[in-house]
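Next come the chains, spelled out residue by residue.
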Amino acid sequence: MTTKAGTTVPTPSPEPEPEPAPAHGPAPWVRTRLRATPLATLLMAALAFVTVFMAAAFPRVVDRSADSALRDFVHQKGVNATSLQATSEPNLSDPASALDDVQQKLTAEIGRNLPLTETSQLYGSRAKSPRKMFNEGYARVSDHPPVLGLLYLHGLKELVTLTDGVWPGPAAEGAPLPMIISQKAAETIGVKLGDVVDNGSDLTGRTRSTVVGFYRVNNPTDPTWDDVGCPARACLEGQGAELHWATTGFVTDSGLHQLILWGNGGVNFWRLPVDSAALRADQLAETRATVGSFLVGRGATTLADVTKRPDLHVTSLLPDIFTRATARYDAAAPLAAIGPAGVAGVAVVVLCLAAALTADRRTAELRLLQARGGSRGGILLRLLGEGAATVLPSALLGTALALVLLPTPRWGNALLTALAVALIAVLAFPARAAVLLSPPKAVAGWRRLVGELAVLAVTAAAVAEVRRRGVAPGNSLDPLLVAAPLMLALTGGLLLARIQPLVVGWLAALAGRGRGLIGFLGLARAARDSSGRRRPSALPLLALVIAVTTTGFGATVLDTVDSVRLRAARITTGGDASVSLPVYATLPEAFTTAAAELPGVRAATGVWVEPGASFIGTGGDRTAAILVVAEPKAYAEIARTFGVGEFDPAALAGTPGGPDSPVPALFSSGLSKQLTDGPARLRTPNGGELRATVAGIVTGTPALPDPGKPFMVVPVGPASERLPELKRTNKWLSVGDVDAGQVRNLLLDQGLTTATGLAKLIRDEAVAAGKGAYGLPPGYTVRSSHEVAATLAADPLQRSAERLFWYSGAAGAGFALLAVLLTLVRAAPERTALLARLRTMGLRPRQGLALIIAETLPQTLVAAVGGGLVALAAVGLLGPAFDLSALVGANVGDALAPVLLPVLLPTAGLALVVCLGVVLETAVSGRRQIATELRAGDQR
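None of these values were measured; they are calculated from a predicted model.

Undergrad: Give a detailed account of the overall build of the chain, specifying residues and quantitative values.
TA: A count of helical and extended segments in the chain gives 27 helices and 21 strands. Relative to its full complement of 940 residues, the chain shows a buried share of 48%. In the form shown here, the chain has an accessible surface area of approximately 45000 Å², with 60% of it arising from carbon and sulfur atoms.

What follows is the structure, given as structure tokens:
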């Protein structure tokens, strides 16, 4: 550019370059995907939460139930049976403080290894030999004088209250030993305050004691008094001519030296009760070994060394109690674990179904990512991150909630099961995606067949092994026995998955010949999966079959246990209701007549049971036997009702020939071996003799549930004609829906016999001991089969196993319903499009609902029927391997047998719940989805 000289042309300054825009990195994958599908993420988190919570909760429920059952079982045995009893020879130079020192050392040493309770701890010293009380005027029930036992008991003043006199002190040389006895015992025996009791003589001379005070026991029912004689009153001891009064007196610590001399020696004792509330089922073997060590072993040597008493001897019944508790737990553990195992199987199927649903929904997305260069491993890692972000927080929350709501010292099994379920929930979708992203391969149909045959072979081998050996010895939880029902359900489900398409397709072909379209279309769709292939997914069917099988199996177990328990209770009772009397009493005829007319009584009779009879053999040999005298018709009906000692009443009809002819009789199987060709001879304790002929051989009889020795049953008419003493009644038996309360009230009104003489004395002493019940005097017992069955069923081990069965059944039904709903959701897009098209062709809403039901119902019915059949087969195949005694509460030899009704009810209930769930899901979401599809049009 040209300018004049001296002129300056301005030069424009260069514009500044704009700052580069900040680069935008890719959004985080996990966050983006979770925000894109919030509802699916929330549902998966909820499913993971519920599944993991149940996986963590079931082991803790089992642990808590086992601990509770163990503690209750041990506690019921009483303080003496659950204590360690230590004894040693006393030393004349030992003061009372020496016993205190030994107690402290024993408590410290044993307490390091066993949980001890301070309640009912007891120690002191007792006279080695009780002594008789020969004073004139003291009460006697026979020629045997009263007996006195003496003890020193630590802490006596806290347990009794002095009512008269003073506490005993030391005795002067050669003077009687001062003692105190119970006020009630003194009144019964006739002891006066200040009496010098003549206790006989021995090598050391005349032995005497003097009563310086009377006391009253503060709490006679306190377990502290167990195994210390009879301190609260005078007790009757001995039998027959040896029957006598006995009581226990006490000396104080200052009289220990004289106590040893008075009793020809003494025994120091320490009672250390084990705290049953601190026992744990998982540590039972270690606890039993520890107790055994203190009895005979290193622990016993340590106790002797610590206490410096080489003769210290420790005894306990705890090892035997722990052995029985272990046997009960081992027998019940497989039954309690079958239900949770079935729930676990259904839960795994549901998680796999949820993964399949997610994979179907995202198949296009995953294939697009792979087509745009995404590596298979990279995609799977991102999917794994999605699953971890969704499942792990829910799994942690579910596990923590189970640990907090169900506290127990054991947490290992709960964490392991929760971790296993969380891993399945996290890995199920990536595993399914890995299959989708794999290069397509030619499908080999034989692979599925080989896999199914392998499952069938494993199941058959497991069932055969379980039937061969039963429960594995020494194993509280036999995995094979627990897994066998689940494996049978799996095999049945796979078999049904093979059969269902063929059967439903055949039904669809039949429906296609008719005029209606809904049935044909629904059945045709039921025979195929959502993609139209002729093999629908087996997972929903497996979930339903497993749920139905395990629930039906558990219901059969519980029903069998109830029936067997009631039969065992009937055998124990002698019918549905029975009355037993003491030896001195007889049931009046007015009672037996009125009792037979009580509401619900179908058959009743009074019998006479003579336990002191004897059978006289051919060589004059006598065999102790029990004689039962009964009315044949009613007694035969009672025997027939519960299947014990059944016989034809005509067999006991009187034989012609007059009063000298033998009477017909039923003989026990053991006594029948001693029979000869001629009439049998039976002699009563009063010297009467009865001749009898064989009318039948029986193994048991209602009046003697557990006879223990041979017996005979004779008809009351002919027997009483020959021996009038047999026309008495000391037992009443009945069958029917009998109210035990009405029987007790009637017994109080018309059945009591006034006791006199020695019988009254025995009854009054039993009343003082608290042996009466329901207002009845001691010896009068009314039993009801329903009450006995309720008592047998009161064991916490049985209750926990039954609860676990029903919890498992409910959980399995819930998961099965969820599996069906997931299947519906999985097929919802394709089904919605079909219904929308059909709606444009005139399909009414009700017809659409009928179509969905027709599509879903075949699978539900097949699963219900097939699962019920598998449950019956499982009971028949595995029943002999189960021991029902632990659940019944008594030793029984019954085995599980297939029963239709217990399987039918839960099966029908589960099918109904699933069908209602399908209808509800369709009614709630189907109409809205179809309307949306109609507005949007067909985008496919």
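Undergrad: Provide a residue-level description of the state of the cysteines, including the pertinent values.
TA: The full count for this structure, using the stated rule, is 1 disulfide. Two residues share a disulfide in this structure: C230 and C235, whose sulfurs sit 1.7 Å from each other. Between C230 and C235, the S-S dihedral sits near 60°, and the bridge is therefore right-handed. Each member of the pair, C230 as well as C235, is classed as buried.

Undergrad: I'd like a description of the pattern of salt bridges, backed by residues and values.
TA: According to the stated counting rule, one finds 18 salt bridges in the structure shown. In this structure, the salt-bridge partner of R410 is D282, at a minimum N-O distance of 2.7 Å. Of this pair, R410 sits in the loop between α10 (376-405) and α11 (412-437) while D282 sits in the loop between β11 (266-273) and α6 (284-295); the two residues are 128 residues apart in sequence, bridging distant segments of the chain. Under the relative-accessibility criterion, D282 is labelled partly exposed at 37%. The closest approach of N and O atoms between R681 and E689, which form a salt bridge, is 3.0 Å. Residue class for R681 comes out partly exposed when judged on its relative accessible area of 32%. A relative accessible area of 33% places E689 in the partly exposed class. Each of D63, D67, R280, D282 and R410 takes part in salt bridges that share partners, so that together they form one network.

Undergrad: Describe helix α8 (residues 318-361), and please don't skip the residues or the numbers.
TA: Each α-helix winds once per 3.6 residues, and so residues spaced three or four apart point in a common direction. The terminal C-alpha atoms of α8, which comprises 44 residues, lie 62 Å apart, in line with the 64 Å expected from a rise of 1.5 Å per residue. Taking the largest bend as the criterion, α8 deviates by roughly 30°, centred on A332, and proline P334 comes between one and four positions later. Taking burial as the measure, the 44 residues of α8 include 32 buried ones, the bulk of the element.

Undergrad: An account of the packing of helix α2 (residues 38-75) against α10 is needed here, citing residue identities and associated values.
TA: The interhelical angle for the contact between α2 and α10, taken along N-to-C directions, is 35°, at an axis separation of 7 Å. Judged by the sense of rotation from one axis to the other, the crossing of α2 with α10 is right-handed. Contact with α2, carried on its side by T41, M44, A45, A48, F49, V52, F53, A56, A57 and R60, involves T390, V391, S394, A395, L397, G398, T399, L401, A402, L403 and L405 of α10 and no other residues of that element. Of the residues in the contact of α2 with α10, the class split is 15 nonpolar, 5 polar and 1 charged.

Undergrad: Can you tell me about the packing of α8 against helix α15 (residues 539-573), naming the residues and giving the values?
TA: Closest axis-to-axis distance for the α8/α15 pair is 9 Å, and the angle between their directions is 170°. In this view, α8 runs roughly antiparallel relative to α15, as classed from their interaxial angle. In the packing of α8 onto α15, the handedness of the crossing is left-handed. In contact with L335, I338, G342, G345, V346, V349, C352 and L353 of α8, α15 contributes L539, P540, L542, A543, I546, A547, T550, F553 and V557.

Undergrad: Help me get a handle on the pairing of strand β20 (residues 731-736), residues and values and all.
TA: Among the 6 residues that make up β20, 6 are buried, leaving the element largely enclosed by the rest of the structure. Of the two faces of β20, the one lined by K731, L733 and V735 and the one lined by W732, S734 and G736 are each fully buried. Where strand β13 (residues 577-580) lies against β20, 4 bridges are found, and the strand directions are antiparallel. Bridge pairing in β20 places A577 opposite S734. By the bridge criterion, 6 bridges tie strand β14 (residues 601-616) to β20 in an arrangement that is antiparallel. When the sheet's bridge partners are listed, G606 is paired in β20 with W732.

Undergrad: Break down the nonpolar core for me, citing the residues and quoting the values.
TA: The biggest cluster of nonpolar side chains holds 93 residues, and the ones touching the most others in it are F553, V557 and F882. Non-local contacts of F553, meaning those with residues more than four positions away in its chain, are made with I338, P485, A871, A874, V875, F882 and L896.

Undergrad: Describe the confidence of the model for the chain, naming the residues involved and giving the relevant values.
TA: Confidence in the prediction of the chain, expressed as mean pLDDT, is 82, and 88% of residues score 70 or more. This model gives residues 530-534 a pLDDT under 50, and the stretch forms 8 contacts once residues within four places in sequence are excluded.

Undergrad: Which residues make up the packing of aromatic side chains, and what values go with them?
TA: Tallied over the entire structure, the rule returns 6 aromatic pairs. When the centroid spacing of 6.0 Å and the interplanar angle of 70° are considered together, the rings of F591 and W732 count as edge-to-face. Of this pair, F591 sits in helix α16 (residues 589-596) while W732 sits in strand β20, and the two are 141 residues apart along the sequence. For the residue pair F591 and W732, the accessibility class agrees, reading buried in each case. Among the aromatic side chains, those forming a connected cluster through ring pairs are Y215, W225 and F250. Between R126 and the ring centre of F269, over which it is positioned, the NZ or CZ distance is 4.4 Å. We note R131 situated over the ring of W262; from NZ or CZ to the ring centre the distance is 5.9 Å.

Undergrad: Describe in detail the side chain of S209, supporting the description with residues and values.
TA: Inspection of the secondary structure puts S209 in strand β8 (residues 205-217). Among the residues examined, S209 registers a relative accessible area of 0% and is labelled buried. For S209, the side chain forms a polar contact with the side chain of N199, separated by 2.9 Å. Among residues more than four places away in sequence, those in contact with S209 are L148, P176, L177, M179, D195, V196, V197, N199 and W262.

Undergrad: Can you explain the side chain of S808? Please cite residues and give values.
TA: Checked against the element boundaries, S808 lands in helix α23 (residues 796-826). Note on S808: relative accessible area 4%, which makes it buried.

Undergrad: An account of unusual backbone geometry is requested, with residue identities and associated values reported.
TA: Of note, the phi angle at S120 is positive, near 70°, even though the residue is not glycine. Structurally, the position occupied by S120 is in the loop between α3 (96-111) and β2 (122-127). On the basis of relative accessible area, S120 is assigned to the buried category, the value being 8%. Even without being a glycine, N264 presents a positive backbone phi close to 55°. In this fold, N264 is placed in the loop between α5 (256-262) and β11.

Undergrad: I'd like a description of the environment of P599, backed by residues and values.
TA: Within the fold, P599 resides in the loop between α16 and β14. The class for P599 is exposed, based on a relative accessible area of 55%. Along the sequence, P599 and V738 sit 139 residues apart, while their C-alpha atoms lie 6.8 Å from each other. Those residues within four positions of P599 in sequence are excluded, and the remaining contacts are D737, V738 and Q742.

Undergrad: With reference to specific residues and values, describe the environment of F815.
TA: Structurally, F815 is set in helix α23. On the basis of relative accessibility, which here comes to 6%, the residue F815 falls in the buried class. Every residue in contact with F815, bar those within four places of it in the chain, is listed here: T51, M54, V343, V346, A347 and V350.

Undergrad: I'd like to hear about the pairing of β13, residue by residue, with values.
TA: With 4 bridges connecting them, β13 and strand β21 (residues 781-784) associate as antiparallel partners. Among the inter-strand pairings, A577 is bridged to a residue of β21, identified as S784.

What counts as what
Residues numbered from 1 in each chain as written. Predicted model: local features only at pLDDT ≥ 70, side-chain atom pairs only at ≥ 80, totals over all residues. Heavy atoms only, no water. Helix = DSSP H or I, 4+ residues; strand = E, 2+ residues; numbered from the N terminus. Buried < 20%, exposed > 50% of the residue type's maximum accessible area, 1.4 Å probe, protein only. Areas by Shrake-Rupley, 256 points an atom, 1.4 Å probe, with all protein chains shown as cover. Disulfide = S-S within 2.5 Å. Salt bridge = Lys/Arg side-chain N within 4 Å of Asp/Glu carboxyl O. Expected span 1.5 Å × (residues − 1). Bend = angle between axes of the 7 residues up to and from the residue. Axes fitted to C-alpha atoms, helices over the stretch in contact; angles between N-to-C directions. Left-handed = near helix turned anticlockwise from the far one by under 90°. Contact = heavy atoms within 4.5 Å. Nonpolar A, V, L, I, M, F, W, Y, C, P; charged D, E, K, R; others polar. Parallel < 35°, antiparallel > 145°, perpendicular 65-115°, else oblique. Pairing = 2+ DSSP bridges. Core = buried A, V, L, I, M, F, W, Y, C linked by side-chain atoms within 4.5 Å. pLDDT = per-residue confidence, 0-100. Phe/Tyr/Trp six-rings, centres within 6.5 Å; stacked < 30°, edge-to-face > 60°. Lys NZ or Arg CZ within 6 Å of the ring centre and 35° of its normal. Polar contact = N/O pair within 3.5 Å; in protein donor to acceptor, adjacent residues only side chain to side chain.

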